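# Residue-level structural notes
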Amino acid sequence: KYCERLQYLEMLTPQIPDITALAMKFVLSYNQVSSMLVGIDKPEFINKAVEAADGKYLSREQLAFAESLAWPQPEFLNLAVWDRNGWLK
C-alpha cells in the first residue's frame, strides 16, 4: 500500500514541481476553499506559495486521482495523538 501512495509523483510536472506545490494546488482546487494557511519559516517559501496560488489548479481528473491516494486510516495522521505519544520529539 505504501508504494501505491507514491503514485502522487506521477502528478508532478514543470507547473507542479514538488509535493509542496502539489499540496497547495490540491487544497486550492476546491471551490469551497477561498484561502489557505501555509507555514513559512524561510523567505523562499513565500515565493513558492505565491507561485502555487496562480489560479491554475488541478483538473477534475487530477483531483479525483489525488483523492484516490488518501491514506486509508486518517485517524493515524492525528498529530495531536502523535504529540501526546511523544512521537514528534
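Going by the structure above, here's the rest.
One structure accompanies this document, and this report is about it.

Glancing now at the side chain of serine 29. One can find serine 29 in the loop between α2 (19-28) and α3 (43-52). A relative accessible area of 14% means that serine 29 is categorised as buried. Polar side-chain contacts of serine 29 include one of 2.9 Å to the backbone nitrogen of leucine 58. Not counting residues within four places of it along the chain, the set of residues in contact with serine 29 comprises Tyr57, Leu58 and Leu63.

Under the defined criterion, the tally for this structure stands at 2 aromatic pairs. For the pair phenylalanine 26 and tyrosine 30, a centre-to-centre distance of 5.4 Å together with 80° between the ring planes defines the contact as edge-to-face. Looking at phenylalanine 26, the relative accessible area reads 26%, which means it is partly exposed. With relative accessibility at 24%, the residue tyrosine 30 sits in the partly exposed group. Both rings, one in tryptophan 82 and one in tryptophan 87, keep their centres 5.8 Å apart while their planes meet at 70°; by these two values the pair is edge-to-face. The partly exposed category is assigned to tryptophan 82, whose relative accessible area is 23%.

Another aspect to go through is the environment of alanine 80. Structurally, alanine 80 can be placed in helix α5 (residues 79-84). Along the primary structure alanine 80 and lysine 42 are separated by 38 residues, whereas in three dimensions their C-alpha atoms are 25 Å apart.

Relative orientation of the contacting elements α2 and α3 amounts to 45°, with a least axis distance of 9 Å. With respect to α3, the element α2 is oriented oblique. In this structure, the crossing between α2 and α3 has a hand that is right-handed. Of α3, the residues touching α2 (which contributes Ala21, Met24 and Lys25) are Lys48, Ala49, Glu51 and Ala52. Partitioned by chemical class, the residues of the contact of α2 with α3 number 4 nonpolar, no polar and 3 charged.

Turning next to the pattern of salt bridges. Side-chain pairs of opposite charge can arise where the charged atoms are in close proximity. If you walk through the whole model with that rule in mind, you get 2 salt bridges. Among the salt bridges present, the one from aspartate 18 reaches lysine 48, with a minimum N-O distance of 2.8 Å. Taken as a pair, aspartate 18 in the loop between α1 (2-5) and α2 and lysine 48 in helix α3 lie far apart in primary sequence, 30 residues in all. Across the pair lysine 25 and aspartate 54 runs a salt bridge whose closest N-O atoms are separated by 2.8 Å. Here the residue lysine 25 occupies a position in helix α2, and aspartate 54 occupies one in the loop between α3 and α4 (60-68), the gap between them amounting to 29 residues. Residue lysine 25 is classed as buried on the basis of its relative accessible area, which comes to 2%. When its relative accessible area of 37% is taken as the criterion, aspartate 54 is described as partly exposed.

Rules used throughout
Numbering of residues starts from 1 in each chain and follows the order in which that chain's sequence is written. Confidence filtering applies because this is a predicted model: local features only for residues at pLDDT of at least 70, side-chain atom pairs given and counted only at 80 or more, and all residues used for totals across whole chains, interfaces and linings. As a convention, hydrogens and water are excluded, and side-chain values are obtained from all of the structure's heavy atoms. Each helix is a run of DSSP H or I of at least 4 residues and each strand a run of E of at least 2, with the numbering of both proceeding from the N terminus. Burial classes follow relative accessibility: with a 1.4 Å probe on protein chains only, a residue under 20% of its type's maximum area counts as buried, one over 50% as exposed, and anything between as partly exposed. In the analysis that follows, any N or O atom pair within 3.5 Å is treated as a polar contact, provided that within protein one partner can donate a hydrogen and the other can accept it, and provided that, for residues neighboring in sequence, both atoms belong to side chains. We call two residues in contact when some of their heavy atoms are within 4.5 Å. Between 30 and 60 degrees the pair is tilted, below 30 it is stacked and above 60 it is edge-to-face, where a pair is any two Phe, Tyr or Trp rings, Trp via its six-membered ring, whose centres lie within 6.5 Å. Orientation is described by axes fitted as lines to C-alpha atoms, over the contacting stretch for helices, and by angles from 0 to 180 degrees between their N-to-C directions. Roughly parallel here means an angle under 35 degrees, roughly antiparallel means over 145, roughly perpendicular means 65 to 115, and every remaining angle is called oblique. For any pair of crossing helices, the crossing counts as left-handed if the nearer helix is rotated counterclockwise from the farther one by less than a right angle, and right-handed if it is rotated clockwise. Residues are grouped as follows: nonpolar covers Ala, Val, Leu, Ile, Met, Phe, Trp, Tyr, Cys and Pro; charged covers Asp, Glu, Lys and Arg; every other residue, Gly included, is treated as polar. Each salt bridge in this description consists of a side-chain nitrogen of Lys or Arg and a carboxyl oxygen of Asp or Glu lying within 4 Å of one another.

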